[in-house]
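This is what each chain is made of:
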Amino acid sequence: MKARYVKALIFIFIIGLLSGCGSQSAGTPASVSQPTNPPLSADTAAPATQAAAQGGTVSFVNEVLPILKSRCVNCHGADRVEKGLGLQTYHDVMAGSENGPVVTSGKAVDSKLVQLIVNQKMPKRGPKLTPPQVQLITNWVNQGALNN
């Protein structure tokens, strides 16, 4: 079941990238489409706003940061910072890890953070991100990873 879920997530991610490629002008990042399946849990850590759900601007402070705080700061927070990656603030996220940047503004497909959550390699402990949460972070990165 888990392998099927991962394959479905990857398929949705790739289809979203491909569908955006034909309609985008050169130099404009393609956004990933919204997943069509409902969330797998009743997680309310950072519900998608109506604007973000409709492809509007994703807010780091109001939408992305609550997800990071609910799922990531146990290992990438103040008391514990694995691999040199802190995820408590915008500055922490953009500073990256001991291995370099984890977010490539405007390019979710090239962002290590997005790759790890899409492939469900992160978080290692605790519940994985729901498809809408993954989509919000992907959209935020594709929109330029703004500090908003």
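Residues numbered from 1 in each chain as written. Predicted model: local features only at pLDDT ≥ 70, side-chain atom pairs only at ≥ 80, totals over all residues. Heavy atoms only, no water.

Draft legend 1. Region of the structure containing the overall build of the protein. Scanning the protein for helices and strands turns up seven helices and zero strands. Traced from its N-terminal end to its C-terminal end, the protein shows the element sequence α-α-α-α-α-α-α. Residue burial in the protein is summarised as follows: out of 148 residues, 39% are buried. Taking the intrachain contacts of the protein between residues at least 6 apart in sequence as the baseline, contacts between residues at least 24 apart amount to 57%. Approximately 8100 Å² of the protein is accessible, and the part contributed by carbon and sulfur atoms is 57%. (Helix = DSSP H or I, 4+ residues; strand = E, 2+ residues; numbered from the N terminus. Buried < 20%, exposed > 50% of the residue type's maximum accessible area, 1.4 Å probe, protein only. Contact = heavy atoms within 4.5 Å. Areas by Shrake-Rupley, 256 points an atom, 1.4 Å probe, with all protein chains shown as cover.)

Draft legend 2. Region of the structure containing helix α3 (residues 60–71). If you check which residues of α3 are buried, you get Phe60, Glu63, Val64, Leu65, Ile67, Leu68 and Arg71. Between the side-chain oxygen of the N-cap and the backbone nitrogen of valine 61 there are 3.5 Å, and the N-cap of α3 in question is serine 59. (Polar contact = N/O pair within 3.5 Å; in protein donor to acceptor, adjacent residues only side chain to side chain.)

Draft legend 3. Structural view of the pattern of salt bridges. Under the counting rule described, the total for this entry stands at two salt bridges. The closest approach of N and O atoms between arginine 80 and glutamate 82, which form a salt bridge, is 2.5 Å. We classify glutamate 82 as partly exposed; its relative accessible area is 25%. Between arginine 125 and glutamate 82 there is a salt bridge; the shortest N-O distance is 2.8 Å. Separated by 43 residues along the polypeptide, arginine 125 in the loop between α6 (112–118) and α7 (131–142) and glutamate 82 in the loop between α4 (73–76) and α5 (90–95) bring together distant segments of the chain. Among the residues examined, arginine 125 registers a relative accessible area of 44% and is labelled partly exposed. (Salt bridge = Lys/Arg side-chain N within 4 Å of Asp/Glu carboxyl O.)

Draft legend 4. Quick look at unusual backbone geometry. Cis geometry marks the peptide bond from methionine 122 to proline 123; its omega dihedral reads -10°. Structurally, proline 123 is set in the loop between α6 and α7. In the Ramachandran plot, glutamine 120 falls in the positive-phi region, its phi being about 55° despite a non-glycine side chain.

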